[in-house]
Amino acid sequence: MIEDKSRIWLSSPHMSGDEQKYIKEAFDENWIAPLGSNILGFEKDLEDYLRPEKETAPYNDKGVNVTVLNSGTAAIHLALILLGVGKGDEVLVQSHTHIASVNPVVYLGATPVFIDSETDTWNMCPDTLEEAIKDRLGKGKKIKAIIAVHLYGMPYKADEINAVSQKYNIPVIEDSAEALGSRYKGKMCGTLGDIGVLSFNGNKIITTSGGGAIITASQDQKDRVMYLASQAKDNVPYYQHREIGYNYKMSNIVAGIGRGQMEVLEERIVLRREVNDFYKSLFSDNEAVSILTEPDERFYSNYWLSTLLLDPKLTKVVPSDIRKILESKNIESRPLWKPMHLQPVFDGCMYYGGNISENLFNNGLCLPSGSNLTPEQKEKIFDVLNKISF
Ligand SMILES: *Cc1c(COP(=O)(O)O)cnc(C)c1O
């Protein structure tokens, strides 16, 4: 497959140039394996980046232990296992998300229960979450975990979600797959919940082509992750197993890509935030179009994707009109995530909330957001969007 150079992508890989240096090191050391110095180096880079600052941290006063894995989905799967999720348990999941947030719940024979969003951040609504917990508990259900997501890089309302989590003593898995580098009250996303999850898939803010990480508070949890991710092999010279494990370790080769990407992560965030500003100013005079922005100073988004929302009361234009116009100019855009409670595969699952996530799906669109957009490409996007009469 040859990249179409003229196409403007939603979010394409943006290399620093140093990735191949680290990959070469792996070859020079002959660590072509799921262990080696790139894995240790990438994990340390991530820990240093996410580690709590010195000043008193409301959440991050716990430890930050990172284990890199071969996908974000694997990280969610292992997070659920660490929390003891199994057959018959319920897990409360943000409905407006990518299906990877949910599938591991089903792998374990547990049942997802979907929660609607709020309109400020588009993420899990804390009030609906509490309503759902009360109702499920009243019906005698066992709720083992909450999965909240920082969608498109926008942090969820962490204070409010954590308050509900603490009140009912249900741990939070923080799906930070789209939000590496986003902050809430100055604290890094990925360290706000009980267990954090990252993804380095091809279109994320940094990529290893494919990969993920799990962020745990203790070294003991990290040891258990490493054990489960490498087939749950006992610490004896022969191959002995007392539990079912998984093959979820990251390769030392792709970890080298991660190390090269970490060198430029902060620059990439600045560039994505500039893209968001570009769209905000483009639509600043258009009442019918809003761009998702930080609701107040608690929130700092990496703006992994910039997203627009149309007000159907003010315009007849629908998102697919814009998508088709952009596509005709070889510019990629994408509908917002179709809520999980509307997915055929989750027919019959419980859902709490109204139609907020459904409205987002019906009226929203993800716009080209890459840190590698050139001024010429922005100009082209500007011209196309500016010609649409709303
Ligand atoms: C990308 C993504 C994941 C999954 O990560 P993979 O590395 O692709 O397995 C999970 N949750 C969300 C919200 C994502 O966007």
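The shown structure was predicted, so the numbers you read here are calculated from the model rather than taken from an experiment. (Residues numbered from 1 in each chain as written. Predicted model: local features only at pLDDT ≥ 70, side-chain atom pairs only at ≥ 80, totals over all residues. Heavy atoms only, no water.)

(A) Broad picture of empty space enclosed by the protein. Enumeration over the complete set of coordinates arrives at one cavity of 30 Å³ or more. Put simply, the largest cavity is a space of about 30 Å³. K62, G63, V64, G190, T191, G193, D194, I215 and T216 are the residues that line the largest cavity. Among the residues forming the lining of the largest cavity, the class breakdown is two nonpolar, five polar and two charged. (1 Å grid on protein atoms, 1.4 Å probe; cavity = no way out; pocket = protein on both sides within 12 Å on 5 of 7 lines; lining within 4 Å. Points joined across faces, edges and corners; volume = space filled by probe spheres on them. Nonpolar A, V, L, I, M, F, W, Y, C, P; charged D, E, K, R; others polar.)

(B) Seen up close, the packing of helix α5 (residues 126-138) against helix α6 (residues 158-168). Orientation of α5 relative to α6, taken along the N-to-C sense of each, is 20°, at an axis distance of 9 Å. In terms of their interaxial angle, α5 and α6 are classed as roughly parallel. As α5 runs across α6, the sense of the crossing is right-handed. Counted together, P126, L129, E130, I133, K134 and L137 of α5 and E160, I161, V164, K167 and Y168 of α6 form the full contact between these two elements. Residues belonging to the contact of α5 with α6 are distributed by class as follows: seven nonpolar, no polar and four charged. (Axes fitted to C-alpha atoms, helices over the stretch in contact; angles between N-to-C directions. Helix = DSSP H or I, 4+ residues; strand = E, 2+ residues; numbered from the N terminus. Parallel < 35°, antiparallel > 145°, perpendicular 65-115°, else oblique. Left-handed = near helix turned anticlockwise from the far one by under 90°. Contact = heavy atoms within 4.5 Å.)

(C) Geometry of the site of the ligand. Contacts to the ligand come from 15 residues, most closely from G72, T73, E178, S199 and K204. Interatomic distance of 2.5 Å between a side-chain N/O atom of T73 and an oxygen atom of the ligand. Within the side chain of S199, a nitrogen or oxygen atom sits 2.7 Å from an oxygen atom of the ligand. For the ligand, whose accessible area on its own is 380 Å², the fraction buried by protein is 94%. Structurally, the ligand is housed in the second largest pocket. For the shell around the ligand, a count of residues per class yields three nonpolar, nine polar and three charged. (Near = heavy atom within 4 Å. Polar contact = N/O pair within 3.5 Å; in protein donor to acceptor, adjacent residues only side chain to side chain. Areas by Shrake-Rupley, 256 points an atom, 1.4 Å probe, with all protein chains shown as cover. Sits in = over half its atoms within 2 Å of the grid points.)

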